[in-house]
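# A structural walkthrough
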Amino acid sequence: MKGTIINIQKYSIHDGPGIRTTVFFKGCPLNCWWCHNPESQHLEPEVMYWEEKCTACGNCIKHCPKGALSIVDGKLKYNSESCELCSECSKYCINEARVIKGKYISVDELFKEIMKDQVFYDESNGGVTFSGGEPLIQADFLREVMKKCKRMDIHTTIDTCGYVSWDKFEKIVDYTDLFLYDLKHMNSDKHKIYTSVPNELILDNLKKLSDLGKNIYIRMPIIPGVNDDIEDLKKAAELLKNLNIIQVNLLPYHKMGMDKYKRLNMDLKLQEIQEPSHAKMNELSEIFKNVGLKVKIGG
Ligand code: SF4
Ligand code: SF4
């Protein structure tokens, strides 16, 4: 069995307790306007292109089996409809202007990579975090990796958007020590506008995890003008105070990574948004503290 991942990040300290290995899965059912990892949205590997590195030498064109590349007006032109993601162009680009994002990996290969840092997990009470994208899209693959991790007593965390059918949660719930659960908007209509899906399934799954007594950290990105309305956040606090939540993390919007949209030939819907001020973040965190929840600003 193989899964599709983008990256394996070592020595992570913001994705759960201790020192962790974070595995970024590819594929996500949401399409958030502020997504900092647009390369994780599609399940299949894809091409990223750095125009400023490209000298229009044409070497990639010679090796493209599908005729997806050409030079037009002195610039490299890419036809994504013809491209079959064979990655030949990236192999032959000495300037690293074309890079394939995403690779297929077997359960054993991924587990072996996770196990390389077992000594750090043991010393720091860390472990492995499965993030993305949405790791539960590949629930069968994830389950097999997690089973192996639990056999070795490695702490496991899943970072999820929550928008998958409950049967996918059932596949991994017994092997998961901690959920990092995203909550993006309490208003379902606005949730649909900004993420492409409504929020009922997300809230329903959250309640089910809470009823099972699972360890849950809530992660809320704060995007000015999108989901920082005081009344909406009060509704979130009211909901969460009655659930089994360890901590709420408020994650201020930042602009890093937004140039990836251009490199992936994708539209960036969120323009000209400023990062929220410290004062605003403190004001919002009070809403959650006021109902007795533990709050942290940042990951
Ligand atoms: S091989 Fe690299 S530098 Fe040359 S045209 Fe292709 S992408 Fe540009
Ligand atoms: S990934 Fe393959 S098919 Fe696509 S542009 Fe590159 S060489 Fe051509």
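Fair warning: this is a prediction, and the values are worked out from it, not measured in the lab. (Residues numbered from 1 in each chain as written. Chains lettered and ligands numbered in written order. Predicted model: local features only at pLDDT ≥ 70, side-chain atom pairs only at ≥ 80, totals over all residues. Heavy atoms only, no water.)

Here the structure, examined in full by the defined rule, presents seven aromatic pairs. Summarising the aromatic geometry, the rings of Tyr11 and Phe120 are spaced 5.3 Å apart at their centres and angled 90° between planes, so their arrangement reads as edge-to-face. Of this pair, Tyr11 sits in strand 1 (residues 2–12) while Phe120 sits in helix 4 (residues 118–124), and the two are 109 residues apart along the sequence. Look at Tyr11 and you get partly exposed, because its relative accessible area is 49%. According to the relative accessible area criterion, Phe120 is partly exposed, its value standing at 30%. (Phe/Tyr/Trp six-rings, centres within 6.5 Å; stacked < 30°, edge-to-face > 60°. Helix = DSSP H or I, 4+ residues; strand = E, 2+ residues; numbered from the N terminus. Buried < 20%, exposed > 50% of the residue type's maximum accessible area, 1.4 Å probe, protein only.)

This part takes up the domain arrangement of the chain. When its domains are assigned, the chain resolves into domain 1 (2–43 + 105–297) and domain 2 (46–101). The gap between the C-alpha centroids of domain 1 and domain 2 is 33 Å. At the junction of the two partners, domain 1 supplies nine residues and domain 2 supplies eight residues. Broken down residue by residue, the surface that domain 1 buries against domain 2 is led by Lys26, Arg263 and Leu264, which jointly contribute 60%. The closest approach of N and O atoms between Lys26 and Glu46, which form a salt bridge, is 2.5 Å. For the pair domain 1 and domain 2, the interface holds two residue pairs in polar contact (both at pLDDT 80 or more). Its residues assigned to classes, the side of domain 1 that touches domain 2 comprises three nonpolar, one polar and five charged. (Domains from an automatic or database assignment. Contact = heavy atoms within 4.5 Å. Buried area = accessible area lost by both parts, 1.4 Å probe. Salt bridge = Lys/Arg side-chain N within 4 Å of Asp/Glu carboxyl O. Polar contact = N/O pair within 3.5 Å; in protein donor to acceptor, adjacent residues only side chain to side chain. Nonpolar A, V, L, I, M, F, W, Y, C, P; charged D, E, K, R; others polar.)

So, on to unusual backbone geometry. Omega for the peptide link from Gly132 to Gly133 comes to 15°, which places this bond in the cis form. The residue Gly133 is located in the loop between strand 8 (127–131) and helix 5 (139–151) in this model. Despite not being glycine, Tyr11 has its phi angle at roughly 55°, a positive value. Unusually for a residue other than glycine, Ala56 sits at a positive phi of about 55°.

This part is about the site of ligand 2. The local shell around ligand 2 holds 14 residues, among which Cys64, Cys83, Cys86, Ser87 and Cys89 are the closest. Counted by class, the shell around ligand 2 contains nine nonpolar, one polar and four charged residues. (Near = heavy atom within 4 Å.)

Turning to the pattern of salt bridges, a few remarks are in order. For the structure shown, the criterion picks out 20 salt bridges. For Lys260, the salt bridge identified is with Glu39, shortest N-O distance 3.1 Å. Highlighted residues: Lys260 in helix 10 (residues 260–263) and Glu39 in the loop between strand 2 (20–25) and strand 3 (46–49), separated in sequence by 221 residues. Residue Lys260 is classed as buried on the basis of its relative accessible area of 18%. Lys147 serves as the salt-bridge partner of Glu144, at 3.5 Å between the closest nitrogen and oxygen. In this pair, Glu144 and Lys147 are both assigned in helix 5, three residues apart and thus about one turn of the helix distant. Here the salt bridges share partners, and the residues they tie into one network are Lys10, Glu113, Lys116 and Asp117.

Looking now at the site of ligand 1. In the vicinity of ligand 1, the contacting residues are Cys54, Thr55, Ala56, Cys57, Gly58, Asn59, Cys60, Leu76, Cys93, Asn95, Ala97 and Arg98. Tallied by class, the residues present in the shell around ligand 1 amount to seven nonpolar, four polar and one charged.

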